[in-house]
Amino acid sequence: MSWWDDGDGADTDEDEPYGQYDESSVRVRPNPKGNRPRTKTRPTYDNAPTGWVTNVDRGRFGVLVSVEGVEHVITATKARELGRKSVVTGDHVSLAGDVSGDEGSLARIVKVAERTTLLRRSADDTDEVERVIVANADQMLIVVAAADPEPRTRLIDRYLVAAFDAGLDPILCITKTDLADPGPFLAHFACLDLQIVTSRQDDVPFDALHELLDDKVTVTVGHSGVGKSTLVNALTGSTRAIGVVNSVTGRGRHTSSSSIALRVNNGGWIIDTPGVRSFGLGHVEPANVFRSFASHAIPVLPAPDGIPLDQAHDWEIVDRVQAGELGPTGVERLDSFRALLTGMGGEDPGTE
């Protein structure tokens, strides 16, 4: 017997609690999202306030904005409509929400402008998954110590490849020159037309650095412990932690975990990046490796078979080494060149 059956054997509406209601008695719940029909039209944010990303920290972004001519950094998050598109230090973005910068305020990054340059690296040379480090920089300051820790020429070669691939002008800064003569190390790069600055531990070359950095956006890279943060602090007035070199391993300790843009005292910006011990180039086309080993940007005619004219000069180091013009240092450069190319799946330029 059903629980609504009164036991008389008759199955009537009166016996069923639900039978006394009709469709007009059903309560219709209001639409919690409103009664307007959904549309695929999304705002364009053409007139949205804009800003420049200065740092990224666990899903929160520091964004430099200008309100009535006054600059300040606000906190923002990435809007859902951006999907998988990354937002990195150096990006120019459009914003929605609260851009006042007041305590507790939070804006949304709703659009990322087209990037002019993009510095990337991968886990290793065979990994095509890239990690974007910095966008829209003008140049790369490669910081390397003359000693403590010992300089690594092949790591510098990788930085040079990454700089040229990203469209950045490289600058080589040698620190701790009071501990060792940088001459033998610099000889490895004598065939390149590089801007070079040297620095002692107790003497930062402010004039030389300001001449190169003012009015530019410069990304710094370097092995942990080479003095990168010391230079950045001296040039920006920052008080970021300074690492030391482990006396047992000879390796530097990481003092920063994310990229951050800091204003140079006399103008311009430095983007300080975490120190790394490796720099994978799996995302780089092998053809772009050539540029970091050429000393002139003038094509040499005729070009080798299969090499475009605008890349013909990139084989110059091969010809000069084979002619004996660069001596033992040139041979080491060529070996590094060949190792990079073959490691990335390119052809060995030393073979016929």
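Residues numbered from 1 in each chain as written. Predicted model: local features only at pLDDT ≥ 70, side-chain atom pairs only at ≥ 80, totals over all residues. Heavy atoms only, no water.

1. Some thoughts on the packing of helix 3 (residues 206-213) against helix 4 (residues 228-236)
Across the interface, helix 3 lies against helix 4 with an axial gap of 12 Å and an inter-helix angle of 80°. Taken together, the axes of helix 3 and helix 4 are roughly perpendicular relative to one another. Each of Phe206, Leu209, His210 and Leu213 in helix 3 lies in contact with helix 4, whose residues at this interface are Leu231, Ala234 and Leu235. Among the residues making up the contact of helix 3 with helix 4, the classes are represented as six nonpolar, one polar and no charged. (Axes fitted to C-alpha atoms, helices over the stretch in contact; angles between N-to-C directions. Helix = DSSP H or I, 4+ residues; strand = E, 2+ residues; numbered from the N terminus. Parallel < 35°, antiparallel > 145°, perpendicular 65-115°, else oblique. Contact = heavy atoms within 4.5 Å. Nonpolar A, V, L, I, M, F, W, Y, C, P; charged D, E, K, R; others polar.)

2. Observations concerning the pattern of salt bridges
One pass over the structure, following the stated rule, counts eight salt bridges. One salt bridge connects Glu71 with Arg263, and the closest N-O pair in it is separated by 2.7 Å. Of this pair, Glu71 sits in strand 3 (residues 70-78) while Arg263 sits in strand 12 (residues 260-263); the two residues are 192 residues apart in sequence, bridging distant segments of the chain. For Glu71, a relative accessible area of 45% gives the class partly exposed. One salt bridge connects Asp91 with Arg115, and the closest N-O pair in it is separated by 2.7 Å. Remark: Arg115 occurs in the loop between strand 5 (107-112) and strand 6 (118-122) and Asp91 occurs in the loop between strand 3 and strand 4 (92-97); sequence separation between them is 24 residues. According to the relative accessible area criterion, Asp91 is buried, its value standing at 0%. (Salt bridge = Lys/Arg side-chain N within 4 Å of Asp/Glu carboxyl O. Buried < 20%, exposed > 50% of the residue type's maximum accessible area, 1.4 Å probe, protein only.)

3. Section: the side chain of Thr273
With respect to the helices and strands, the residue Thr273 is situated in the loop between strand 13 (269-272) and helix 5 (316-322). Here Thr220 takes part through its backbone oxygen, which lies 2.5 Å from a polar atom of the side chain of Thr273. (Polar contact = N/O pair within 3.5 Å; in protein donor to acceptor, adjacent residues only side chain to side chain.)

4. A word on the confidence of the model for the chain
Looking at the chain as a whole, its pLDDT mean stands at 78, while 66% of the residues score no less than 70. Taken as a whole, residues 243-255 scores under 50 in pLDDT and shows 28 contacts with residues more than four places along the chain or in a different chain. Ignoring residues within four places in sequence, the model shows residues 296-301, a span with pLDDT below 50, making nine contacts including any to other chains. (pLDDT = per-residue confidence, 0-100.)

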